[in-house]
Amino acid sequence: MSTSKKIRITYRRVGISLYTKRSSNGILIKNKLVQINVKRVFLASLILSMMLLLSLIVSIYAPYEGAGESLYYGLVIGYGIINISFVLFLVQRLSTSNYYFSSYIIHGYWVLFLCFSLGISILNINNYKSIVSFCIMLLTLSMVPLFANAEAMVYFVIQIVSIYVVKMTTWIEIRQVLSLFLFACILFGYSRYMFGQFVLMERMKGKMQSIKKSAEEDPLTRLLNRRGFEKKLELILPNCIQNRSRISLLIIDIDNFKKYNDAYGHPAGDRCIHWVANMIRKTAKRQNDIAARFGGEEFVVFRYGTKEIDVLSLADKIRNNIEELQIKNISTGSCVTVSVGVASLIPRDLNCINDLYSEADKSLYQAKKRGRNLVVYGEKVFGKRAMKAE
């Protein structure tokens, strides 16, 4: 293959990788936005329900006076019922973390908020010459929901239209109309700044999580590295000590790997490590299994809360599955195999992990010494070679 073709293929692969990362990041931000907006709708509907209830209680002592009294109370009571309905509905949604159809709920709520608030504001302007309720509506609609730019622009246009509706249906002065327009523009600009900060923070979080993950993950095999493995143990080991749960460690080493590397080269050696790691991952797949690559051709599997016989079964299954991959090794005249050293104990303190590793390492040494492609646990030996010897 020519160099130019290689460069083009590499460029395409990098492009696909970058596109995938950007797309996944965008989806994560979009999902986070939906969750935030559902919670904000819940809080807004809860607060407005209490405010509307309070306004009805106040109206008993200081009733609303002026034209459209029945319409005013109809709007307040109707909107109060809608808010209470949203509260009850969203309590169930939030308790189950069910955000299906959430975007429709969010937009439906804010459209209803706009319609009812506009009606109440027009009545207040006509009767009391006060634009306070309309300003509160603009402020709430701009600052409470966190919308993406396209959605925010739609709501901004709706706000401008509502200002025009107020001008046409009330005795509001032109300077007040201009003030409301300027107020809406300032709120829109600030809401876009807040949205930009939110996106920036989410991207920073994503990058930090990616850096943290890459620091604790082996790049070749995507298994945990030694650091990631130790971090996991720090979380799990105290619980195992407290509950006196048995912990077990498997040290897995590829047999004659140096000869394989010398015969096939380092790229082929990396592929071999990748295939072995994949098989370890597929075999040690329980929730209480932690697989890691410790470097070179050495892997470990930590299992907790199971009996010795189950751990030995896992070790021999890993050994057998890797042998069945039939990765040819011309340097030995057979296929690639692994030796497994096993140790198991009931932990008493945090230092027991050192004893566990030491015992597993001794068992691995015995497996190598007795001919490789074996599982050794103390004095017990498992594998095809062990069965032939018997």
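Just above sits the structure.
Residues numbered from 1 in each chain as written. Predicted model: local features only at pLDDT ≥ 70, side-chain atom pairs only at ≥ 80, totals over all residues. Heavy atoms only, no water.

**Q** Would you take a moment to explain the pairing of strand β3 (residues 298–304) for this structure?
**A** Side-chain direction in a regular strand flips from residue to residue, so the side chains alternate between the two faces of the sheet. With six of seven residues buried, β3 lies mostly within the body of the structure. By the bridge criterion, seven bridges tie strand β1 (residues 247–254) to β3 in an arrangement that is antiparallel. From the neighbouring strand, Ser248 faces β3, where its bridge partner is Arg303. Strand direction decides the pairing type here: strand β2 (residues 289–295) and β3, joined by six bridges, are antiparallel. By the bridge assignment for β3, Ile290 is matched with Phe302. Between the antiparallel neighbours β2 and β3 lie two residues, among them Gly296 with a positive phi of about 60°. (Buried < 20%, exposed > 50% of the residue type's maximum accessible area, 1.4 Å probe, protein only. Helix = DSSP H or I, 4+ residues; strand = E, 2+ residues; numbered from the N terminus. Pairing = 2+ DSSP bridges.)

**Q** Please explain unusual backbone geometry as it appears in this structure.
**A** Negative phi characterises most residues that are not glycine, and trans characterises most peptide bonds. We note that Gln326 has phi near 55°; this positive angle belongs to a residue other than glycine. Looking at the element boundaries, Gln326 is found in the loop between α10 (308–323) and β4 (328–329). A residue is classified by how much of its surface remains accessible, and Gln326, at 53% relative accessible area, is exposed. One non-glycine residue, Arg372, adopts positive backbone phi at about 70°. Looking at the secondary structure, you find Arg372 in the loop between α11 (352–369) and β7 (375–377).

**Q** Can you help me understand the nonpolar core in this one?
**A** Nonpolar side chains in soluble globular proteins generally cluster together in the buried interior. Tyr109, Trp110 and Phe134 are the most contacted members of the largest nonpolar core, which totals 45 residues. Residue contacts for Tyr109: discarding those within four places in its chain leaves Val41, Ala44, Ser45, Leu48, Tyr79, Asn83 and Phe86. If you look at the next biggest cluster of nonpolar residues, it comprises 29 residues, including Phe257, Tyr260, Ile273 and Ile280. (Core = buried A, V, L, I, M, F, W, Y, C linked by side-chain atoms within 4.5 Å. Contact = heavy atoms within 4.5 Å.)

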